[in-house]
Amino acid sequence: MYVCEGVCVWEGVCGVVLKTSCKAELYDSPIVVDEGHTIKQDMVFDDSQMYLYAMSDRKVAKFPVQNCSKFTTCRVCLLSNDPYCGWCVFGNTCSLKIECYNPTPIRWLYANAPEQEDRCIEILNAPPPMFHVSQNITLNLTIKDLPRDDNISYNCVFSFPNGDQILSPAVQWSFGIECRNPNVENLTLDFYSSLGFINISLGVLSIETEQLIVSTPYLIYNCSSFTNCTRCVDNVYWCVWCLTENKCQYKTDQCSGEKVKSRKDTYQQTYAKYIEG
């Protein structure tokens, strides 16, 4: 159990110390109250116990006993062991419990509890790992520690380099969520200057708070952006080179004559069920 006290670490400069029965440590950075002037020994909390008052012979200062917002990721927040803070899952921020909307145990993870340290939400897998611009398929996201109950719902959010975002309704399943990929053929995406593919972000949005709670890099590609046979088939994409038309196209599109298939057949077989959508 931590006890919070105010101390003056040198002339005119104070800080917050967290103490247990066997150790004490300075919490956050020292705060200048009245540099060069002696701070009176007695410091008091305000009624909320969230602020301390310190006083010199000239000034009175009020400073917080916590600074949860300095922990910018879930892992950093929980590893801080800060007795005031926790990770607000649907706010995607480190906060006081009272600052988190509906802070149930699955929505607010207490930073000062050892069992919580490995409970950050994480997208472990999102097969297939890419999609073609013409595909309409279901993505199956495996997500560690995703909160779930009958009152929680999500959207997938696809964020593109040009600033566009597209939402897709998500359905919960045993290990995460699933959602359909968006139609991107009408978006202004420059595949030709990006070697045939574009890196995007695939995230999960809480409908309740409209906050992005976790995301992972993702990739989309366009076979027609490959202008020669080598670039078309010497990769992991589901493209074929049509010899008669002399062009690269998606694997399920029709060629009028012979075609050259990708050399990465093992990779294609792994995700074959997604090619047809």
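Residues numbered from 1 in each chain as written. Predicted model: local features only at pLDDT ≥ 70, side-chain atom pairs only at ≥ 80, totals over all residues. Heavy atoms only, no water.

K.L.:
Break down the nonpolar core for me, citing the residues and quoting the values.
P.N.:
Residues L141, Y154, F158, I177, V204 and I220 are the most contacted members of the largest nonpolar core, which totals 51 residues. Not counting the four nearest positions on each side in its chain, I220 is found in contact with F131, F160, V184, L189, F191, G196, F197, I198 and I200. (Core = buried A, V, L, I, M, F, W, Y, C linked by side-chain atoms within 4.5 Å. Buried < 20%, exposed > 50% of the residue type's maximum accessible area, 1.4 Å probe, protein only. Contact = heavy atoms within 4.5 Å.)

K.L.:
Lay out the confidence of the model for the chain in plain terms, naming residues and giving numbers.
P.N.:
When pLDDT is averaged along the chain, the result is 83; 82% of the residues meet or exceed 70. Put simply, strand β1 (residues 3–10) is where the chain has its lowest mean pLDDT, 46, and strand β13 (residues 154–159) is where it has its highest, 98. Here residues 1–13 scores under 50 on pLDDT; set against residues more than four positions off or in separate chains, the count is 55 contacts. For residues 17–21, every residue scores under 50 in pLDDT, and the model assigns this stretch 23 contacts once sequence neighbours within four places are set aside. (pLDDT = per-residue confidence, 0-100. Helix = DSSP H or I, 4+ residues; strand = E, 2+ residues; numbered from the N terminus.)

K.L.:
Describe the side chain of T216, naming the residues involved and giving the relevant values.
P.N.:
Within the secondary structure, T216 sits in strand β17 (residues 211–221). Relative accessible area serves as the criterion here: at 18%, T216 is assigned to the buried category. Apart from the residues lying within four places of it in its own chain, the contact partners of T216 are I123, I200, S201 and L202.

K.L.:
Provide a residue-level description of the sheet that holds strand β5 (residues 51–55), including the pertinent values.
P.N.:
The strand order β4-β5-β6 describes an open sheet built from three strands, whose pairing is antiparallel. At either margin of the open sheet sits one strand with a lone partner, and together these are β4 (44–45) and β6 (60–64). Here β4 runs beside β5; their pairing, made up of two bridges, is antiparallel. By the bridge assignment for β5, V44 is matched with Y53. (Pairing = 2+ DSSP bridges.)

K.L.:
Break down unusual backbone geometry for me, with residues and values.
P.N.:
The amide bond that connects P127 to the next residue, P128, takes the cis arrangement and shows omega of -5°. With respect to the helices and strands, P128 occurs in the loop between β10 (122–125) and β11 (130–132). In this structure, N81 takes a positive phi of about 55° despite not being glycine. With respect to the helices, strands and loops of the structure, N81 is situated in the loop between α1 (74–79) and β7 (85–88).

K.L.:
Now, about the sheet that holds strand β9 (residues 108–110): what can you tell me, with residues and values included?
P.N.:
Reading across the sheet, the three strands line up as β8-β7-β9 and stay open at both edges, with antiparallel pairing between neighbours. A single partner strand is all that each edge strand has here, and the edge strands are β8 (93–96) and β9. Between one strand axis and the next, the sheet turns by 40° as a mean value, whatever way the strands run. (Axes fitted to C-alpha atoms, helices over the stretch in contact; angles between N-to-C directions.)

K.L.:
So what's going on with the pattern of salt bridges? Residues and values would help.
P.N.:
Considering all chains together, one arrives at two salt bridges under this definition. Between R107 and E208 there is a salt bridge; the shortest N-O distance is 2.9 Å. Residue R107 is located in the loop between β8 and β9, and its partner E208 is located in the loop between β16 (197–206) and β17; the two are separated by 101 residues in the primary sequence. A relative accessible area of 4% means that R107 is categorised as buried. (Salt bridge = Lys/Arg side-chain N within 4 Å of Asp/Glu carboxyl O.)

K.L.:
Break down the environment of C156 for me, citing the residues and quoting the values.
P.N.:
Here C156 shows up in strand β13. C156 sits 23 residues away from C179 along the chain, and the two C-alpha atoms are 6.6 Å apart. Beyond its immediate chain neighbours, meaning those up to four positions away, C156 contacts I166, L167, S168, A170, I177, C179, L202 and G203.

K.L.:
I'd love a proper account of the state of the cysteines, names of residues and values included.
P.N.:
Scanning the model with the defined rule gives eight disulfides in all. Each sulfur in the disulfide pair C88 and C100 lies 2.2 Å from the other. In this structure the cystine formed by C88 and C100 twists about its S-S bond by roughly 80°; its chirality is therefore right-handed. Here C88, found in strand β7, pairs with C100, found in the loop between β8 and β9; they are 12 residues apart in sequence, far enough to count as distant. Judged by its relative accessible area of 5%, C88 falls in the buried class. Between C242 and C255 runs a disulfide, and the two sulfur atoms are separated by 1.7 Å. Measuring handedness by torsion sign, the sulfur bridge of C242 and C255 sits at about -55° and is left-handed. (Disulfide = S-S within 2.5 Å.)

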